[in-house]
Amino acid sequence: MPSIFSKIISGEIPCHKVAETDQFLAFLDIFPLVKGHTLVIPKQEIDYIFDMPPALLSDLMLFAQKIAPAIQRACPCKRIGVAVIGLEVPHVHIHLIPLQNVADMNFERPKLTVSSQELTEIATSIQKYLL
């Protein structure tokens, strides 16, 4: 059965897209820890990050590296935190999270509720800073 991320990739489920290549997709988390929380995924459905072929894992990180500065410019913060948890969805994904402090990366705290319109505005803002 396809993961929810595979359904996003195929267009069955909409997303607030930040960037896309033939191999990867970056989109906003609809239940973010902070505004600008972005998910970066390979289009190939692989459950566990360390099962990825080395070249694909490297390329995924390089893709994320291009997205992070745009997030930081669109959502001013001290750093962009990176997390790979891998338990929520059986499809590799990297969390890119704007940080003011360590608590911004606490996955146990309640998620934000952000309107679709605001998510669209955030995604558009990030896109304009992509190099």
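Thresholds applied
For every chain, the first residue of its written sequence is number 1, and the numbers climb from 1 along that sequence. With pLDDT at 70 or above as the cut-off, local features in this predicted model cover only qualifying residues; side-chain atom pairs require 80 or more to be listed or tallied, and sums for whole chains, interfaces and linings still use all residues. The basis for every side-chain value is the complete set of non-hydrogen atoms in the structure, without hydrogens or water. Secondary structure elements are defined from DSSP: runs of H or I of at least 4 residues count as helices, runs of E of at least 2 residues count as strands, and each element is numbered from the N terminus. By definition here, a helix of n residues has an expected span of 1.5 Å times n minus one. Buried means the residue's accessible area, taken with a 1.4 Å probe over protein chains only, is under 20% of the maximum for its type, while exposed means over 50%, and partly exposed covers the values in between. Should any heavy atoms of two residues lie within 4.5 Å, those residues are counted as being in contact. The term salt bridge refers to a side-chain nitrogen of Lys or Arg lying within 4 Å of a carboxyl oxygen of Asp or Glu. Stacked, edge-to-face and tilted labels apply to pairs of Phe, Tyr and Trp rings (six-membered ring for Trp) whose centres lie within 6.5 Å, assigned for plane angles under 30 degrees, over 60, and everything in between, in that order. The disulfide criterion used throughout: a pair of cysteine sulfur atoms within 2.5 Å. As used in this record, nonpolar core signifies buried Ala, Val, Leu, Ile, Met, Phe, Trp, Tyr and Cys residues forming a set joined through side-chain atoms within 4.5 Å.

Just give me the short version of helix α2 (residues 54–74), but keep the residues and values in it.
Its 21 residues place the ends of α2 31 Å apart at the C-alpha level, agreeing with the 30 Å of an ideal helix rising 1.5 Å per residue. Burial in α2 covers these residues: L56, L60, F63, A64, I67, A68, A70 and I71. Structurally, α2 contributes buried residues whose contacts are with β1 (17–20), β2 (24–28), β3 (38–42), β4 (79–83), β5 (94–99) and α3 (116–128).

Give me the pattern of salt bridges: which residues, what numbers.
Considering all chains together, one arrives at four salt bridges under this definition. A salt bridge links K17 to E20; the shortest N-O distance between them is 2.6 Å. Taking the relative accessible area as the measure of exposure, E20 reaches 38% and is therefore partly exposed. Measuring nitrogen to oxygen at the nearest pair gives 2.7 Å for the salt bridge that ties E20 to K43.

Which residues make up the packing of aromatic side chains, and what values do they have?
Under the criterion given, the structure shown has three aromatic pairs. Centroid distance F5 to F27: 5.6 Å. Interplanar angle 75°. Geometry classified as edge-to-face. Remark: F27 occurs in strand β2 and F5 occurs in helix α1 (residues 4–10); sequence separation between them is 22 residues. Each member of the pair, F5 as well as F27, carries the same accessibility label: buried. With 5.6 Å between their ring centres and 25° between their planes, F24 and F63 make a pair best called stacked. Of this pair, F24 sits in strand β2 while F63 is found in helix α2, placing the two residues 39 residues apart along the sequence. A relative accessible area of 7% means that F63 is categorised as buried.

Describe the state of the cysteines, naming the residues involved and giving the relevant values.
By definition, a disulfide links two cysteine residues through a covalent bond between their sulfur atoms. Inspection of the entire model under this criterion finds zero disulfides. Unpaired in this structure, C75 has its nearest cysteine sulfur neighbour in C77, at a distance of 7.2 Å.

How would you explain the nonpolar core if you had to name every residue and give the values?
The biggest cluster of nonpolar side chains holds 28 residues, and the ones touching the most others in it are V18, V40, I67 and L96. Counting residues per element, the ones that place at least two in this core are β1, β2, α2, β5 and α3. With eight residues, α2 is the single largest residue contributor to this core. Not counting chain neighbours up to four residues away, the residues in contact with I67 comprise V18, A19, A26, T38, L96 and L130.

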